Amino acid sequence: MYPDQPTAPACPDGSGTLPECAPLAVPYVPFQQTGAQKYSQNDALSNGTLFPGLNLPFHMKADAPNAVSGPLGELQALEFVLLELGLYLDTHQGDGEAFSLFQQYAALEKEGREKYESMYGPLFQHAAAGQKNFSSWIKDPWPWAFPEGGKA
């Protein structure tokens, strides 16, 4: 906005802002609105975005509502929400509510990962550093090979 122009009204979640008087033939990507609505962690993973305003249903996988099931799916949902919030915070550092959510979900993810690894073993190679030996990482079955709801 230029100082002599009135402030534009806030855009809805499905819209972004563009610079005024943008030059012709130069692409711009609208900035996401601050304080945008957010999905729950399970809905975010199923929809492929934390933000309903960024949801593009024509790209949605047919079985996306079933993506989150079992302990590994729940952990993936938490990690997905953390990633989405982190990307949002890259461009909206001043959004205190989003940062508070980021901190809460980071604590939930850490707790969930520790619980999952205590039941099934390390999820990532670097997690083996906290084990008695490296074979805890490479032993079968791999974390994603467990049937939903129990051990292999």
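Everything below is about the structure printed above this text.
Residues numbered from 1 in each chain as written. Predicted model: local features only at pLDDT ≥ 70, side-chain atom pairs only at ≥ 80, totals over all residues. Heavy atoms only, no water.

Enquirer: Would you mind going over helix α3 (residues 96-120) with me for this structure?
Expert: Residue pairs spaced three or four apart in an α-helix point in one direction, given the helix's 3.6 residues per turn. Taking 1.5 Å of rise per residue, the 25 residues of α3 would be expected to cover 36 Å, and the 35 Å separating its terminal C-alpha atoms lies within 8% of that figure. Among all positions of α3, only Ala98, Tyr105, Glu109, Tyr116, Glu117 and Tyr120 are buried. At the N-terminal end of α3, a side-chain oxygen is found 3.3 Å from the backbone nitrogen of glutamate 97, two or three residues along, and the residue is aspartate 95. Following α3 by one or two positions, glycine 121 has its phi on the positive side, about 105°. (Helix = DSSP H or I, 4+ residues; strand = E, 2+ residues; numbered from the N terminus. Expected span 1.5 Å × (residues − 1). Buried < 20%, exposed > 50% of the residue type's maximum accessible area, 1.4 Å probe, protein only. Polar contact = N/O pair within 3.5 Å; in protein donor to acceptor, adjacent residues only side chain to side chain.)

Enquirer: Can you help me understand the pattern of salt bridges in this one?
Expert: Two side chains that carry opposite charge are able to pair once their charged atoms sit near each other. Tallied over the entire structure, the rule returns two salt bridges. With a closest N to O distance of 3.0 Å, glutamate 109 and arginine 113 form a salt bridge. Residue glutamate 109 and its partner arginine 113 are located together in helix α3, separated by four residues, close to a single helical turn. What makes glutamate 109 buried here is its relative accessible area of 8%. Look at arginine 113 and you get partly exposed, because its relative accessible area is 23%. A salt bridge links lysine 110 to glutamate 114; the nearest nitrogen and oxygen atoms lie 3.9 Å apart. Of the two residues, lysine 110 and glutamate 114 are both situated in helix α3; the distance of four residues between them amounts to about one turn of the helix. (Salt bridge = Lys/Arg side-chain N within 4 Å of Asp/Glu carboxyl O.)

Enquirer: Would you explain the packing of aromatic side chains in this entry?
Expert: Each pair of aromatic rings is reported with the distance of its centres and the angle of its planes. Summed over the entire model, instances satisfying the criterion amount to two aromatic pairs. Aromatic pair phenylalanine 51 and tyrosine 88: ring centres 5.0 Å apart, planes at 35°, arrangement tilted. One end of the pair, phenylalanine 51, is in the loop between α1 (41-47) and α2 (70-91); the other, tyrosine 88, is in helix α2, with 37 residues separating them in the sequence. Exposure class is identical for phenylalanine 51 and tyrosine 88. Each is buried. On the numbers, 6.4 Å between centres and 15° between planes, the contact of phenylalanine 99 with phenylalanine 102 is stacked. Taken as a pair, phenylalanine 99 and phenylalanine 102 lie in helix α3 at a separation of three residues, close to a single helical turn. A relative accessible area of 27% means that phenylalanine 102 is categorised as partly exposed. Geometry around tyrosine 88 places lysine 38 over its ring, the cationic atom sitting 5.9 Å from the centre. (Phe/Tyr/Trp six-rings, centres within 6.5 Å; stacked < 30°, edge-to-face > 60°. Lys NZ or Arg CZ within 6 Å of the ring centre and 35° of its normal.)

Enquirer: Whenever I open this one, the packing of α2 against α3 confuses me. Can you help?
Expert: A pair of packed helices can be characterised by two numbers: the angle between their axes and the separation between those axes. Following both chains from N to C, one finds α2 and α3 inclined at 150°, their axes separated by 9 Å at the closest point. Classified by the angle their axes make, α2 and α3 are roughly antiparallel. Note on packing geometry: the crossing formed by α2 with α3 is left-handed. Judged by residue contacts, Pro71, Leu72, Leu75, Leu78, Glu79, Val81, Leu82, Leu85, Gly86, Tyr88 and Leu89 of α2 engage Ala98, Phe99, Leu101, Phe102, Tyr105, Ala106, Leu108, Glu109, Gly112, Arg113, Tyr116 and Tyr120 from α3. Looking at side-chain class alone, the contact of α2 with α3 contains 18 nonpolar, two polar and three charged residues. (Axes fitted to C-alpha atoms, helices over the stretch in contact; angles between N-to-C directions. Parallel < 35°, antiparallel > 145°, perpendicular 65-115°, else oblique. Left-handed = near helix turned anticlockwise from the far one by under 90°. Contact = heavy atoms within 4.5 Å. Nonpolar A, V, L, I, M, F, W, Y, C, P; charged D, E, K, R; others polar.)

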